[in-house]
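One-letter residues, chain by chain:
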Amino acid sequence: MPAGALSPVTEPSGGSDARIAVVHDWCPNFRGGERVLAQICKQFPNAEVFTLFDFLPAEVKEQYFRDVEFHTSAANRLPMVRKFYRSLFFFCPFLIEQFDVTGFDAVISSSAAFSRGVITRPDQPHLCYVHSPVRYAWDEQFSYLQQGGLGFGPKGMLYRYMLHRLRTWDTRTAHGPDLMLANSNYVRSRIRHIYGRDARVVFPPVALEELPCVEDKDGYYVCASFLAPYKRTDLVIRAFNEMPSRRLVIVGEGQQSASLRGLAGPNISFSGYLPRRDYIDVVARAKAMVFAGCEDFGIALAEAQACGTPLIAFGRGGAVDIVQRLGAAPEPTGVLFKAQTVGQLKEAVEWFELNSDKIAPCACSRNAERFSERNFDCAILESLAAVRELHDMA
């Protein structure tokens, strides 16, 4: 078991009737963070969601958040807000502090940026599930500024100053929650480094019942993610451009869609966004999933394992928790490469092909059982009970 992780063996009782305020940064679409949010709401029938921006489609609300009341910030009603909401990051600390959650029995914040800073009563239990400390305000600030073309001109200096202010607020609010849960050991280490706090590791929930293990694989590799710069899909494409005999299918859309399509060779195809059932089918039949970014956890990687699909991933971040490494584990489930270079990724693919017979789909599927929804539910309930006990003893 990872250091700091909870051991959810028995399910605590006595929390389902409580009025819980669940505070989530924002809901632009239904991805990993929103799946965590949905699973938390599923545990607490009286939960209400507080989120800065809510752009979820009606069908997603009906499937995952039926009868859940959503409260949004005043900025959610601004014209064209769906296009520029990310540019309002400097205003978000103020907006999150305007949510009044003081009348609830407890608060659970689901935070990758702002929700942890919601104002609570001193006697109000506050459990925080940390997807990541604010990436673009801390160690990844420089790569974000570079990607945005923000140097030391007037605009760049303004953004740097706003990020400085965000770091000040982020540090000030870091000790608001009674207990922090990290979604991986990588995030746990970032919490310790940035905030000086320890956190317990609780892996995000994976809907294992939706993900059948497929033993017979087709001859292609798959890369599935939102097409953003930090996902490093460009690196995967460059590597497969130099391996023209190997097929690669890229699933997803994002701000890099056009440029990545222009970069890809004839052995690389793009499926775009796929409905859930089609997405699972493509991932399950792949020879392996390839990922070159550094994810805080990476639910897509865990889902691939549940489908019996091996992983070839950059050996930093959540992938280290997910992959049972070839050459080091008795039942290996994938390969990790050390550096984000074309050469390292190509070597990893070649190493995988030479040893693919040592990685069984059933071993990958068994490995994913650690990330079950039940384990997540038990850990959340156990953690909330621990926070309430702290308040009862005070």
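Structure first, text after, so check above.
As the structure is a prediction and not an experimental result, all values here were calculated from the model.

Caption draft 1: The side chain of Arg 160, seen in detail. Along the chain, the position of Arg 160 falls in helix H6 (residues 154–172). Residue classification places Arg 160 among the buried residues on the basis of a relative accessible area of 17%. Once residues lying within four places of it in the same chain are set aside, the contact partners of Arg 160 are Leu 145, Leu 150, Gly 151, Phe 152 and Arg 167.

Caption draft 2: Fine view of the packing of aromatic side chains. Overall, the coordinates contain 21 aromatic pairs when judged by the stated rule. Here the aromatic rings of Phe 203 and Phe 297 are separated by 5.8 Å at their centres, their planes lie at 35°, and the arrangement is tilted. With Phe 203 in the loop between strand S7 (200–201) and strand S8 (220–224) and Phe 297 in the loop between strand S11 (288–291) and helix H11 (299–306), this pair connects stretches of sequence that are 94 residues apart. As far as the burial class goes, Phe 203 and Phe 297 line up, both buried. Between Phe 297 and Phe 371 the ring centres are 5.5 Å apart and the planes differ by 75°, which places this aromatic pair in the edge-to-face class. On the criterion of sequence distance, the pair formed by Phe 297 in the loop between S11 and H11 and Phe 371 in the loop between helix H14 (361–368) and helix H15 (373–393) is long-range, its members being 74 residues apart. Taken together, the ring pairs in this structure connect Trp 26, Phe 53, Phe 55, Tyr 85 and Phe 114 into an aromatic cluster. A cation over an aromatic ring shows up here: Arg 160 above the ring of Phe 152, its NZ or CZ 3.9 Å from the ring centre.

Caption draft 3: Spotlight on the pattern of salt bridges. Overall, the coordinates contain 20 salt bridges when judged by the stated rule. Arg 172 is paired through a salt bridge with Glu 97; the nearest N and O atoms lie 3.2 Å apart. Taken as a pair, Arg 172 in helix H6 and Glu 97 in the loop between helix H4 (92–96) and strand S4 (106–111) lie far apart in primary sequence, 75 residues in all. Exposure remark for Glu 97: the relative accessible area of 24% places this residue in the partly exposed category. As a salt-bridge pair, Arg 276 and Glu 210 come within 3.1 Å of each other at their nearest N and O atoms. Separated by 66 residues along the polypeptide, Arg 276 in helix H10 (residues 276–285) and Glu 210 in the loop between S7 and S8 bring together distant segments of the chain. Residue classification places Glu 210 among the partly exposed positions, given a relative accessible area of 28%. Residues joined in a network through salt bridges with shared partners are Arg 188, Arg 192 and Asp 198.

Caption draft 4: Layout of the packing of helix H8 (residues 233–241) against helix H13 (residues 342–355). Packing of H8 against H13 brings their axes to within 9 Å, and their N-to-C directions diverge by 65°. Relative to H13, H8 is oriented roughly perpendicular. The handedness of the crossing between H8 and H13 comes out as right-handed. Contacts from Leu 235, Val 236, Arg 238, Ala 239 and Phe 240 of H8 reach H13 at Val 342, Leu 345, Lys 346 and Val 349. Taken together, the residues that form the contact of H8 with H13 break down as 7 nonpolar, no polar and 2 charged.

Cut-offs and rules
Residues numbered from 1 in each chain as written. Predicted model: local features only at pLDDT ≥ 70, side-chain atom pairs only at ≥ 80, totals over all residues. Heavy atoms only, no water. Helix = DSSP H or I, 4+ residues; strand = E, 2+ residues; numbered from the N terminus. Buried < 20%, exposed > 50% of the residue type's maximum accessible area, 1.4 Å probe, protein only. Contact = heavy atoms within 4.5 Å. Phe/Tyr/Trp six-rings, centres within 6.5 Å; stacked < 30°, edge-to-face > 60°. Lys NZ or Arg CZ within 6 Å of the ring centre and 35° of its normal. Salt bridge = Lys/Arg side-chain N within 4 Å of Asp/Glu carboxyl O. Axes fitted to C-alpha atoms, helices over the stretch in contact; angles between N-to-C directions. Parallel < 35°, antiparallel > 145°, perpendicular 65-115°, else oblique. Left-handed = near helix turned anticlockwise from the far one by under 90°. Nonpolar A, V, L, I, M, F, W, Y, C, P; charged D, E, K, R; others polar.

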